[in-house]
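Here are the chains, one letter per residue:
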Amino acid sequence: MEFLDKYQQLVADAITKYTFKDKPAELYEPMNYIISHGGKRLRPIMVLMACDLFGGDLKQAIKPALAIEFFHNFTLIHDDIMDEAPLRRNKPTIHTLHGINVGILSGDGLMLKAYKFFEDLEPEIFKACIRIFTHTGLLLCEGQQYDINFETQEDVTFDDYIRMITYKTGVLSASSFEIGALIAKANFKDAKSIFNFGKHIGIAFQIMDDYLDVFGDQAQFGKKHAGDIYENKKTVLYLLAREHATEDERKELDHWYSKKTDNIDKVYGVEKIFRRTKVDEKALRLIEKHNEIGQSYLKKINIPEEKKKPFIELANYLLRRES
């Protein structure tokens, strides 16, 4: 991932430069706390990569890239509250340290700071970026609500699932690329192509996440094994298993997914059906399918193939991860 080093350094330097020094500290320090924990910071990097691809000025893109990172972290703070999660990136979550009220407020503050970081753009580009950014935020909220609904909804279809992960995961990656392209003044067709590349890579990434939850190396993946089964998440594995299960297996799935329990028999029972129906192979084929669709949109952009290589490398990195 050496090709990302330049962008990661730009993002890290900007985060240091724009550390919040506002008062009250009780509001802004938690915001600095979550931003400073880093993670891979892929979404702001996507803004910079797309801007670079179309020959834009990275200096103009750096604050909008941070806006995306602020927004992403706002969603994580509120996700952790909803999930009652004690840890994020192996550090205590904000609501664990400071309480739910501070968690809600600091999340809201990060979202509003994100809007301010678009203000230096030219008026027309500002309008276009804010329109995309706001629409993305609303879709993300819708995706989160669908995900919550699915835990108790019996008749979740494959199309429902794809819509949910597109809204929850795919659209933020897609919009990060599109905003970078618009800042570089790419034409509408090319901006939409890079958006669709990001969307399908984001969908493939989420399917991989679902796959790794059950079939990944848990020591490397860094999450509780089969957490989605415990939580009754209607993931791609569950939906594929239902589609290819026998009548008795469907009844068993219905039985286990009608209750939230830490019973290890639930995990064994569900995993046995997953393996019998070969959902692991089917999920990997879906990941490859969405990767190929994403790459097809990249091919439509009229730019030398050499300049597109980092995007292919990024997609391959995201989809061959073990953690």
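Below is a short write-up of the structure. Chains are numbered independently. Their residues run from 1 in the order of the written sequence. Selection of residues for local features in this predicted model requires a pLDDT of at least 70, selection of side-chain atom pairs for listing and counting requires 80 or more, and totals for whole chains, interfaces and linings are taken over all residues. Hydrogens and water are ignored here; the side-chain numbers use all heavy atoms of the structure.

1. Thoughts on the overall build of the chain
Move 1: Each helix is a run of DSSP H or I of at least 4 residues and each strand a run of E of at least 2, with the numbering of both proceeding from the N terminus. Helix and strand content of the chain: 16 helices and two strands.
Move 2: Here the globule rule is a power law, 2.2 Å times the number of residues to the power 0.38, and the radius of gyration is based on C-alpha atoms. Relative to the 2.2 N^0.38 estimate, which gives 20 Å for 323 residues, the radius of gyration of the chain is 20 Å and therefore close to what a compact globule would have.
Move 3: Across its three principal directions, the C-alpha atoms of the chain cover 60 × 50 × 30 Å.
Move 4: Residues counted as buried form 54% of the 323 residues belonging to the chain. The cut-offs for exposure are 20% and 50% of the maximum accessible area for each residue type, with area from a 1.4 Å probe on protein chains only; residues under the lower value are buried, those over the upper are exposed, and the others partly exposed.

2. Some thoughts on helix H14 (residues 264–276)
Move 1: Taking 1.5 Å of rise per residue, the 13 residues of H14 would be expected to cover 18 Å, and the 18 Å separating its terminal C-alpha atoms lies within 8% of that figure.
Move 2: Along H14, the residues classified as buried are Lys266, Val267, Gly269, Val270, Glu271, Ile273 and Phe274.
Move 3: The secondary structure elements touched by the buried residues of H14 are helix H9 (188–215), helix H11 (227–230), helix H12 (236–244), helix H13 (247–256) and helix H15 (279–299). What a helix should span is 1.5 Å times the count of its residues minus one. Residue contacts are defined here by distance: any two heavy atoms, one from each residue, within 4.5 Å place the two residues in contact.

3. Here we look at the nonpolar core
Move 1: The term nonpolar core refers to a set of buried residues drawn from Ala, Val, Leu, Ile, Met, Phe, Trp, Tyr and Cys, joined through side-chain atoms within 4.5 Å. If you look at the biggest cluster of nonpolar residues, it comprises 66 residues, and the most contacted ones within it are Phe54, Leu110, Ile194 and Leu314.
Move 2: With 13 residues, the top contributor of residues to this core is helix H4 (residues 58–83).
Move 3: Leu110 has contacts with Phe20, Met31, Ile34, Ile35, Phe70, Asn73, Phe74 and Ile77, leaving out every residue within four places of it along the chain.
Move 4: Ile203, Tyr211, Val270 and Leu286 belong to the second largest nonpolar core, which has 35 residues in total.

4. Description of unusual backbone geometry
Move 1: In this structure, the amide linkage connecting Lys23 to the following residue, Pro24, adopts the cis form with an omega of 0 degrees.
Move 2: Among the secondary structure elements, Pro24 is positioned in the loop between helix H1 (5–17) and helix H2 (25–36).
Move 3: For Lys278, which is not glycine, the phi torsion reads 55 degrees and is therefore positive.
Move 4: Its place among the elements puts Lys278 in the loop between H14 and H15.

So far we have only geometry, and geometry alone does not tell us how the molecule works.
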